[in-house]
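Fold and contact review
Take a look at the letters that make up each chain.
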Amino acid sequence: MRALLAAIVLAAAASVAAAEDVLVTAEDGGTFLVSPDGTWQPVIVGIGDDGQTYLLLDDGTWTMRGGAAAGIDGAFRDAVEAAVLRYEPDLGDAERDRVMDCVMGAFEPLSDEDKQALIDVDIDPDREMQERLETSYPGLEQDLEVCF
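The following paragraphs examine the structure supplied in this document. The shown structure was predicted, so the numbers you read here are calculated from the model rather than taken from an experiment.

**What about the nonpolar core?**
- Formed by 23 residues in total, the largest nonpolar core has its most connected members in Phe-76, Val-80, Phe-107, Leu-118 and Leu-140.
- Among the secondary structure elements, those contributing two or more residues to this core are α2 (71–87), α3 (93–107), α4 (112–120), α5 (127–136) and α6 (140–147).
- The greatest single-element share of this core, amounting to 7 residues, is contributed by α2.
- Ignoring anything within four residues of it in the chain, the contact list for Leu-140 reads Ala-106, Phe-107, Leu-110, Leu-133 and Glu-134.

Structural data, given as structure tokens:
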């Protein structure tokens, strides 16, 4: 429970700095939408037939995740950001932005299918998936290591 609260607090701080909602994936796999005011709610993230990212809210309504989060690239960026916050919680804003730019650049060659596969495992691939990605995208592991 402390890990979940820590993730929510970190996401809330990042959210206030960015003045927009942030999707956070907790260690137990739950996904939460954290608002700039620090309030949060569990959500289910889905990709519609139109390629847009939709969030199923607590009250049963769906909302489209607009702006940078639209489509697979936006959902992927949200998942990567949640992973960066999970694994590197002490990054300052400028350093987090640098890491995010670097990581997204390293992941740029991935296909939409590989991005979705990484989203499905919360950007925490097992050894088999890591080897498959490294074979498909030579140098990916080294490119990611440079980011941190």
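**Brief notes about the side chain of Arg-96**
- Note on placement: Arg-96 falls in helix α3.
- Within the structure, the side chain of Arg-96 is placed 3.2 Å from the side chain of Asp-93, a separation counted as a polar contact.

**Side note on the pattern of salt bridges**
- The final tally for this structure, using the stated rule, is 4 salt bridges.
- A salt bridge links Asp-114 to Arg-132; the shortest N-O distance between them is 2.9 Å. In this pair, Asp-114 sits in helix α4 while Arg-132 sits in helix α5, placing the two residues 18 residues apart along the sequence.
- Accessibility expressed as a relative area gives 9% for Asp-114, which makes it buried.

**Remarks on the layout of surface pockets**
- Looking at the largest pocket, its volume works out to about 490 Å³.
- Phe-107, Ile-123, Pro-125, Gln-130 and Leu-144 are, among the 19 residues lining the largest pocket, the residues nearest its centre.
- Looking at the lining of the largest pocket residue by residue, the class counts come to 13 nonpolar, 1 polar and 5 charged.

**Brief notes about the packing of aromatic side chains**
- Tallied over the entire structure, the rule returns 2 aromatic pairs.
- Between Phe-32 and Trp-40, the ring centres sit 5.1 Å apart and the planes meet at 80°, which makes this aromatic pair edge-to-face.
- Phe-32 gets classed as buried once you look at its relative accessible area, which sits at 9%.
- Aromatic side chains Phe-76 and Phe-107 sit 5.2 Å apart centroid to centroid with 80° between the ring planes, which places their arrangement in the edge-to-face category. Of this pair, Phe-76 sits in helix α2 while Phe-107 is found in helix α3, placing the two residues 31 residues apart along the sequence. In this structure, Phe-76 and Phe-107 share a single accessibility class: buried.

**Considerations on the state of the cysteines**
- For the structure on display, the rule yields 1 disulfide.
- Here Cys-102 pairs with Cys-147 through a disulfide, and the sulfurs are 2.1 Å apart. Where Cys-102 bonds to Cys-147 through sulfur, the torsion about that S-S bond is close to -80°, and the disulfide is left-handed. Of the two residues, Cys-102 is situated in helix α3 and Cys-147 in helix α6; the sequence distance between them amounts to 45 residues.
- With relative accessibility at 0%, the residue Cys-147 sits in the buried group.

Basis of the calculations
- Residues numbered from 1 in each chain as written.
- Predicted model: local features only at pLDDT ≥ 70, side-chain atom pairs only at ≥ 80, totals over all residues.
- Heavy atoms only, no water.
- Core = buried A, V, L, I, M, F, W, Y, C linked by side-chain atoms within 4.5 Å.
- Buried < 20%, exposed > 50% of the residue type's maximum accessible area, 1.4 Å probe, protein only.
- Helix = DSSP H or I, 4+ residues; strand = E, 2+ residues; numbered from the N terminus.
- Contact = heavy atoms within 4.5 Å.
- Polar contact = N/O pair within 3.5 Å; in protein donor to acceptor, adjacent residues only side chain to side chain.
- Salt bridge = Lys/Arg side-chain N within 4 Å of Asp/Glu carboxyl O.
- 1 Å grid on protein atoms, 1.4 Å probe; cavity = no way out; pocket = protein on both sides within 12 Å on 5 of 7 lines; lining within 4 Å.
- Points joined across faces, edges and corners; volume = space filled by probe spheres on them.
- Nonpolar A, V, L, I, M, F, W, Y, C, P; charged D, E, K, R; others polar.
- Phe/Tyr/Trp six-rings, centres within 6.5 Å; stacked < 30°, edge-to-face > 60°.
- Disulfide = S-S within 2.5 Å.

All quantities given are derived from atomic positions and should not be read as evidence of function.
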